[in-house]
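Residues per chain, in single letters:
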Amino acid sequence: MDVNVKAVLFDLDGTLLDTAPDMANAANCVMADYGLSPLNERQIKANTSYGARGLLRAGFGNQIEGKDLDALRQSFLHHYANNICTTTQLYAGVVTLLDGLEAMKVPWGIVTNKPGFLTEMLLPYFPRLLSTGTLVCADTLSKAKPHPEPLLHAAMELGIDNQACLYIGDIEGDIIAANAANMISAVAAWGYIGSEHKPLEWDSDLVFNKPEEILSLF
C-alpha cells in the first residue's frame, strides 16, 4: 500500500506497553475475593486490551450474571492503581521506533481507552513516553474508542490532517476507530491478540509484526 504518513498515533496497552501481567493481577485479586480461579494465559492475552471489563468477564464467565459490574470494575481499578507498574514494560522495539520517528521529526501521540488517572500514574515509569505530542485517554472527551472522536482530537492537537495520520492498535475497535476517522489503520500484531481473534479480517490498511517495522513507511 502506498501511504503518505505524516504522524503516528498509538494505542497504549498491547501496543506500546505490555501491561498484561499487572492488569491480570488486579483482575485476579477481584476474582479471589469471590473464590474464583485466576485467569489463564490464553484469557489474559485475549482480553487485556479490553480493560477491566474484558478481563473480569473472562474470569467470571457465567458467574458474572447478576453481579454489579461497576462495583467489580471499581475494585479492579483499586487493585490496579496500588500495583500499576510491578512488571509492566515497553515492548521490544518501541524505543527504536520512537527514536526513529523523532529523528525524522515525525509527530507521534497516544490515544488510549485507559482512564486518565491510571495513564497519568503509569507513564512516569516510562520517561520515553512522556515526550508524546498528545495524550487522549478514555475520559478526555465524552466519547472513547471505537468512536473516532479521540483520534480526530489527537490529530488536531498535533496539527496534522487526519488522513495523513497512522493509528496503530491491537484490537478490532482500534481499527474501527481509525477507519471511521479516515486515518491509515494498522494492526500491532505483537500485542494482545488471542487465538480466537482474526486480525486479517479487521479491514486494516497495514499489519506490523514488530514496532520498528513502522519506520519503513518513512
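Refer to the structure presented above.
Residues numbered from 1 in each chain as written. Predicted model: local features only at pLDDT ≥ 70, side-chain atom pairs only at ≥ 80, totals over all residues. Heavy atoms only, no water.

Caption draft 1: Quick look at helix α3 (residues 51-60). With 7 of its 10 residues buried, α3 lies for the most part within the structure. Inspection of α3 places Gly-51, Ala-52, Gly-54, Leu-55, Leu-56, Ala-58 and Phe-60 among the buried residues, and these make up the whole buried set. Packing partners of the buried residues in α3 comprise α1 (20-33), α2 (41-47) and α4 (69-82). The first or second residue beyond α3 is Gly-61, which carries a positive phi of 55°. (Buried < 20%, exposed > 50% of the residue type's maximum accessible area, 1.4 Å probe, protein only. Helix = DSSP H or I, 4+ residues; strand = E, 2+ residues; numbered from the N terminus. Contact = heavy atoms within 4.5 Å.)

Caption draft 2: Focus on the sheet that holds strand β5 (residues 135-136). If you trace the 6 strands from one edge of the open sheet to the other, you get β5-β4-β1-β6-β7-β8, paired in parallel fashion. Unpaired on one side and paired on the other, β5 and β8 (206-208) mark the two borders of the sheet. Across 3 bridges, the pairing between strand β1 (residues 7-10) and strand β4 (residues 108-111) is parallel. Looking across to β4, one finds that Phe-10 is bridged to Ile-110. Where helix α5 (residues 94-103) meets the sheet, it contacts β1 and β4, and its direction lies at approximately 150° from that of β1. (Pairing = 2+ DSSP bridges. Axes fitted to C-alpha atoms, helices over the stretch in contact; angles between N-to-C directions.)

Caption draft 3: Representation of the pattern of salt bridges within the structure. Summed over all chains, the structure comprises 6 salt bridges. Close ionic contact of Glu-102 with Arg-128 constitutes a salt bridge, the shortest N to O distance being 3.0 Å. Linking Glu-102 in helix α5 with Arg-128 in the loop between α6 (116-122) and β5, this pair joins segments that are 26 residues apart in sequence. The shortest N-O distance in the salt bridge between Lys-145 and Asp-174 comes to 2.8 Å. On the criterion of sequence distance, the pair formed by Lys-145 in the loop between β5 and α7 (149-158) and Asp-174 in helix α8 (residues 172-180) is long-range, its members being 29 residues apart. Among the residues examined, Asp-174 registers a relative accessible area of 2% and is labelled buried. Taken together, the salt bridges that share partners define one network made up of Asp-11, Lys-145 and Asp-174. (Salt bridge = Lys/Arg side-chain N within 4 Å of Asp/Glu carboxyl O.)

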